[in-house]
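Examination of the molecular architecture
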Amino acid sequence: MTSPFDVATLDLFRDTSPGQHESLGPAACVLRGHALPWMEALLPAIERIAAAAPFRQLTTPGGGLMSVALTGCGSLGWTSDEYGYRYSRLNPESGKPWPAMPDAFTELARDAAAAAGFADFTPNACLINRYRPGSRMGLHQDKNERDTQAPIVSVSLGMPAVFLFGGFKRSDPAARVPLYHGDVAVWGGADRMRYHGVMPLQDFPHPRLQRQRLNLTFRWVA
Ligand code: MD3
Ligand code: FE
């Protein structure tokens, strides 16, 4: 079965090859394949983080269970429960601090931010989202970070996804942007408060990560 939103049928004339810089807005772009040179450091580092702070599906303030599972590293981790969304110093699951940010993560985030025109980005939090076939992320704004000028750097790994890049109101139309293994998206400044989301993940197993997509988002929280 195919739909107009299928990754396989989407934007046949879009060049998504490594090295392409695709502008999404005045301060938002996709750097195709930018994370590929870091892959041998990235994947084992994610495994170590997930061993210390296992992925878990969180409850939202509305009472629903997120279809995406999360973990993270750095001095602050994002959590959600019936009382709301927030960052915390300790992992509520274990009572322990989040695993340290691996050097390769910091290097990649700095390098990608600089390539996108944001000098001197130093993330202090990295959220790791794990999608399985069918997992999705509804349109939302990232507004739990105090510094809304700092960029966010997002690294896509594993199965491809269709990213929704919206406007400043939830009802604004959203562009559909395919994101592949190794792609890095960077956005800040005027594009920082855009609504965004991820379409339900289709089942196109990845040779290395099999039936999952991992997304790292690097942030300067406060
Ligand atoms: C936002 N994650 O964790 S990040 C999140 O793929 C989150 O897991 C998504 O949204 C994921 O909060 C998407 C990618 C992204 C790229 C460009 C953007 C988010 C953006 C531009 C403006 C605002
Ligand atoms: Fe987000």
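Before reading on, note that the structure itself is shown above.
Residues numbered from 1 in each chain as written. Chains lettered and ligands numbered in written order. Predicted model: local features only at pLDDT ≥ 70, side-chain atom pairs only at ≥ 80, totals over all residues. Heavy atoms only, no water.

**Some remarks on the packing of aromatic side chains**
Here the structure, examined in full by the defined rule, presents three aromatic pairs. Plain terms: the ring middles of Trp78 and Tyr85 are 5.2 Å apart, the flat faces sit at 20 degrees to each other, and that makes the pair stacked. Between the NZ or CZ atom of Arg130 and the centre of the ring of Phe55, over which it lies, the distance is 4.8 Å. The ring centre of Tyr131 lies 5.0 Å from the NZ or CZ of Arg213, which sits over that ring. (Phe/Tyr/Trp six-rings, centres within 6.5 Å; stacked < 30°, edge-to-face > 60°. Lys NZ or Arg CZ within 6 Å of the ring centre and 35° of its normal.)

**Section: the coordination of the iron ion (ligand 2)**
Around a metal, the idealised angle for a tetrahedral arrangement of four donor atoms is 109.5 degrees; for an octahedral arrangement of six donor atoms it is 90 or 180 degrees. Protein coordination at the iron ion (ligand 2): the donors are His140 (NE2), Asp142 (OD) and His196 (NE2), at 2.0 to 2.2 Å from the metal. Ordering the donors of the iron ion (ligand 2) by residue number gives the pattern H-x1-D-x53-H. Of this pair, His140 sits in strand β8 (residues 137-140) while His196 sits in strand β13 (residues 196-198), and the two are 56 residues apart along the sequence. A relative accessible area of 10% places His196 in the buried class. (Donors = N, O, S within 2.8 Å, 3.2 Å for Na, K, Ca; no water. Helix = DSSP H or I, 4+ residues; strand = E, 2+ residues; numbered from the N terminus. Buried < 20%, exposed > 50% of the residue type's maximum accessible area, 1.4 Å probe, protein only.)

**With respect to the environment of Gly74**
Mapping Gly74 onto the fold places it in strand β4 (residues 65-74). Overall, Gly74 belongs to the buried group, its relative accessible area being 10%. Expressed as a C-alpha distance, the spacing of Gly74 and Arg194, which sit 120 residues apart in the sequence, is 25 Å. Sequence-distant contacts of Gly74, that is, excluding residues within four places in its chain, are made with Trp98, Pro99, Ala100, Met101 and Asn124. (Contact = heavy atoms within 4.5 Å.)

**Focus on the site of ligand 1**
The full set close to ligand 1 counts 18 residues, and Asn129, Tyr131, Trp187, His196 and Arg213 are the nearest of them. For ligand 1, an oxygen atom lies 3.2 Å from a polar atom in the side chain of Asp142. With respect to ligand 1, the side chain of Arg213 contributes an N or O atom lying 2.9 Å from an oxygen atom. Across the complex, the protein chains shield 97% of the 520 Å² of accessible surface that ligand 1 would expose by itself. For the shell around ligand 1, the secondary structure elements donating two or more residues are β7 (125-131), β8, β10 (161-165), β12 (184-187), β13 and β14 (213-219). Of the residues in the shell around ligand 1, the class split is seven nonpolar, six polar and five charged. (Near = heavy atom within 4 Å. Polar contact = N/O pair within 3.5 Å; in protein donor to acceptor, adjacent residues only side chain to side chain. Areas by Shrake-Rupley, 256 points an atom, 1.4 Å probe, with all protein chains shown as cover. Nonpolar A, V, L, I, M, F, W, Y, C, P; charged D, E, K, R; others polar.)

**Observations concerning the nonpolar core**
Leu42, Phe105, Val155, Leu157, Leu216 and Phe218 are the most contacted members of the largest nonpolar core, which has 35 residues in total. When residues of this core are traced back to their parent elements, those giving at least two are β2 (28-31), α1 (39-52), β4, α2 (103-115), β7, β9 (152-158), β12 and β14. The dominant element in this core, judged by the number of residues it contributes, is α1, at seven residues. Once residues within four sequence positions are removed from consideration, Leu42 is found in contact with Ala35, Phe105, Leu108, Val155, Leu157 and Leu216. (Core = buried A, V, L, I, M, F, W, Y, C linked by side-chain atoms within 4.5 Å.)

**Side note on α2**
Its 13 residues place the ends of α2 18 Å apart at the C-alpha level, agreeing with the 18 Å of an ideal helix rising 1.5 Å per residue. Following α2 by one or two positions, Gly117 adopts a phi angle in the positive range, close to 100 degrees. (Expected span 1.5 Å × (residues − 1).)

**Let's talk about the pattern of salt bridges**
Two side chains bearing opposite charge may form a pair once their charged atoms approach each other closely. With the rule as written, the count across this model stands at 13 salt bridges. A salt bridge links Glu93 to Arg56; the shortest N-O distance between them is 3.7 Å. One end of the pair, Glu93, is in the loop between β6 (84-88) and α2; the other, Arg56, is in strand β3 (residues 56-59), and 37 residues separate them in sequence. For Glu93, a relative accessible area of 59% corresponds to the exposed category. You can call Arg56 buried: its relative accessible area is 11%. Asp191 is the salt-bridge partner of Arg194, the closest N and O atoms lying 2.7 Å from each other. Using a relative accessible area of 17% as the deciding quantity, one classes Arg194 as buried. (Salt bridge = Lys/Arg side-chain N within 4 Å of Asp/Glu carboxyl O.)

**A word on the sheet that holds β3**
Across the sheet, which stays open at both edges, the eight strands sit in the order β1-β2-β12-β9-β14-β7-β4-β3 with antiparallel pairing between neighbours. Strand pairing shows two members of the sheet lacking a second neighbour, β1 (21-25) and β3, which therefore form its edges. Strand-to-strand twist of the sheet, defined as the mean angle between neighbouring strand axes without regard to direction, takes the value 25 degrees. As paired strands, β9 and β14 are joined by six bridges and run antiparallel to one another. Note that in β14 the partner of Gly158 across the bridge is Arg213. (Pairing = 2+ DSSP bridges. Axes fitted to C-alpha atoms, helices over the stretch in contact; angles between N-to-C directions.)

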